Amino acid sequence: MTVTLHVCITCRAGETPGEGETTPGKRLHGAILEAGVPDGVNVVPVECLSACSQGCSVALSAPGRWSYVYGRLSDANAQDVVAGAAAYAAAPDGLVPWRSRPEIFRKQSLARIPPLTVVPEAAE
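Throughout what follows, the structure given in this document is the object of discussion. Along each chain, numbering runs from 1 in the same order as the chain's sequence is written. A pLDDT threshold of at least 70 governs which residues receive local features in this predicted model, and a stricter bar of 80 or more applies before side-chain atom pairs are shown or counted, although totals over entire chains, interfaces and linings include all residues. To obtain the side-chain values, all non-hydrogen atoms of the structure were used and water was disregarded.

**With respect to the pairing of strand S1 (residues 3–8)**
Then, in step 1: Here S1 lies mainly inside the structure; 5 of its 6 residues are buried.
Then, in step 2: With 6 bridges connecting them, S1 and strand S2 (residues 41–46) associate as parallel partners. Looking across to S2, one finds that Leu 5 is bridged to Val 43.
Then, in step 3: This β-α-β element, S1 to helix H1 (residues 24–35) to S2, shows right-handed connectivity.
Then, in step 4: One bridge is not enough; two strands pair if DSSP finds at least two bridges between them. Helix and strand assignments come from DSSP, with helices taken as H or I runs of at least 4 residues and strands as E runs of at least 2, each series counted from the N terminus. Where S1 lies against strand S3 (residues 56–61), 4 bridges are found, and the strand directions are antiparallel. By the bridge assignment, Thr 4 is partnered in S3 with Ser 61. Relative accessible area decides the class of each residue, using a 1.4 Å probe on protein chains only: under 20% of the type maximum gives buried, over 50% gives exposed, and in between gives partly exposed. Here is how to tell: hold the view so the strands point away, follow the path from the first strand over the helix to the second, and if it runs clockwise the crossover is right-handed.

**A closer look at the environment of Pro 102**
Then, in step 1: Along the chain, the position of Pro 102 falls in the loop between helix H2 (78–90) and helix H3 (103–107).
Then, in step 2: Residue Pro 102 is classed as buried on the basis of its relative accessible area, which comes to 13%.
Then, in step 3: Counting along the chain gives 23 residues from Pro 102 to Gln 79, while the straight-line C-alpha distance between them is 9.5 Å.
Then, in step 4: In what follows, a contact means two residues having at least one pair of non-hydrogen atoms within 4.5 Å. The contacts of Pro 102, once residues within four sequence positions are left out, are Asp 80, Ala 83 and Gly 84.

Shown next as structure tokens:
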């Protein structure tokens, strides 16, 4: 099953980029692509993850799995983000054992969101 790594490309990480300058979020996105995306991971740039006060942010999600939002990231963290995404892709429920996560995923988690379930009445 493919998991999605959402990367906020509008994140400014406290910077005020000048005209034509690349945002820190776009630099993180580019660095993740350069680091090599693992099999089973689809990287999707997004306009905003609403974690603006937390620097650059990413989110991992997949149907039927827990989702995570991580912040306080930069392009220097690209290898760890890729490693964390690979571990998430390998976990059937999205719950990667704490010690198996890259350190930035242990210390910089902003949110953990339970899997979405469809309520039968709501589907009608």
